[in-house]
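Per-entry structural report
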Amino acid sequence: MPAAPKSPIKNGERVKKIIARLHRAHPDAKLALNFSSPFELLIALILAAQCTDEKVNAVTGSLLFKKYRTPEDYARVPAEELEADIRPTGFYRNKTRAIQRCCQQLIERFGGRVPDNLEDLITLSGVGRKTANMVLGNAFGQPAIGVDTHVMRLAQRLGLTRQDDPDKIEADLTPIVPKKDQVHFCHLLQFHGRRVCVARKPKCHECVVSDLCPYPNKTPGPVQQKPRPAFGRKPGRL
Ligand code: SF4
């Protein structure tokens, strides 16, 4: 892992430049999951574990959000029926259990509404800090950093943290990312992580923040092929 610069002031300045450049490079960056309420986002995030956002959107858009509108709808349906409805997202038995428990907790403890604070959100079944922060940031408009796999990898490569634990990475990022930018910062890292700073072989040669990135193993660009001589001729001879 690259060494993180020690000064938080320097890191703060670097973060502002990173945000500005990534914003220009990925003007379409936003949360990839579709939702129209905090409750729908909560369900979508539970389904998104070990599943692509596209598949979750396909399931929620075609069926789930039309058939189930309230926590009561999910809590009362037989588990087998909900399992069949969310099956394409994988791990459907665990997800059904988490969704039904979560909805039961929402009904019993929060009047059927999704709480708008971290302390209450993380008491819900299937909801960790990442999910809670994503709900707070994207559905309630609060400053929050949800550390998913892309945010974690890019924060490490960009030298903004030396930690491996998502909660500690969140604690490192929170003071250096301006509050007003925190939610969008995560979207930018997610888009950059999918398009350029991919996990196995980051495309450093086409990265707009490469001069701000201390990642030690920057991958080289594609090798320029020398023009090949015409068939039967020696190189350099016409
Ligand atoms: S320079 Fe390479 S490692 Fe650093 S952020 Fe860009 S793509 Fe990722």
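Residues numbered from 1 in each chain as written. Predicted model: local features only at pLDDT ≥ 70, side-chain atom pairs only at ≥ 80, totals over all residues.

What the protein chain contains, in helices and strands, is 11 helices and zero strands. Relative to its full complement of 238 residues, the protein chain shows a buried share of 36%. A sequence separation of at least 24 residues applies to 60% of the contacts in the protein chain between residues at least 6 apart. (Helix = DSSP H or I, 4+ residues; strand = E, 2+ residues; numbered from the N terminus. Buried ≥ 20, exposed ≤ 12 C-beta atoms within 10 Å, placed from the backbone. Contact = placed C-beta atoms within 7 Å.)

Bringing the nonpolar core into the picture now. Core analysis: the largest hydrophobic core is formed by 57 residues, its most contacted members being Leu42, Ala44, Leu45, Val135 and Ala155. If one sorts the elements of this core by residue count, helix α2 (residues 38-47) sits on top with eight residues. Counting the residues that make up this core, at least three belong to each of domain 1 (8-30 + 144-212) and domain 2 (38-139). Beyond its immediate chain neighbours, meaning those up to four positions away, leucine 42 contacts Val114 and Val135. (Core = buried A, V, L, I, M, F, W, Y, C linked by C-beta atoms within 7 Å. Domains from an automatic or database assignment.)

Quick look at unusual backbone geometry now. We note that glutamine 50 has phi near 55°; this positive angle belongs to a residue other than glycine. Positive phi values are uncommon outside glycine, yet phenylalanine 91 reaches one of about 45°. For phenylalanine 91, the location among the structural elements is in the loop between α5 (79-86) and α6 (92-110).

So, on to the environment of alanine 144. Relative to the elements of secondary structure, alanine 144 occurs in the loop between α8 (129-139) and α9 (149-157). Linking alanine 144 and methionine 134, residues 10 residues apart in sequence, is a C-alpha distance of 7.1 Å. In contact with alanine 144, not counting residues within four places along its chain, are Asn133, Leu136, Gly137, Gln182 and Val183.

Here the focus is helix α11 (residues 182-195). Taking 1.5 Å as the rise per residue, α11 with 14 residues should run 20 Å; its terminal C-alpha atoms sit 20 Å apart, in good agreement. With 11 of its 14 residues buried, α11 lies for the most part within the structure. Among the residues of α11, those classed as buried are Gln182, Val183, Phe185, Cys186, His187, Leu188, Leu189, Gln190, Phe191, His192 and Gly193. (Expected span 1.5 Å × (residues − 1).)

Glancing now at the site of the ligand. Lining the immediate surroundings of the ligand are 13 residues, of which Cys197, Cys204, Cys207, Cys213 and Tyr215 lie closest. Each residue belonging to the shell around the ligand can be placed in one class, and the counts come to nine nonpolar, one polar and three charged. (Near = placed C-beta within 6 Å. Nonpolar A, V, L, I, M, F, W, Y, C, P; charged D, E, K, R; others polar.)

Another aspect to go through is the environment of glycine 137. Within the secondary structure, glycine 137 is located in helix α8. For glycine 137, a count of 21 C-beta atoms within 10 Å corresponds to the buried category.

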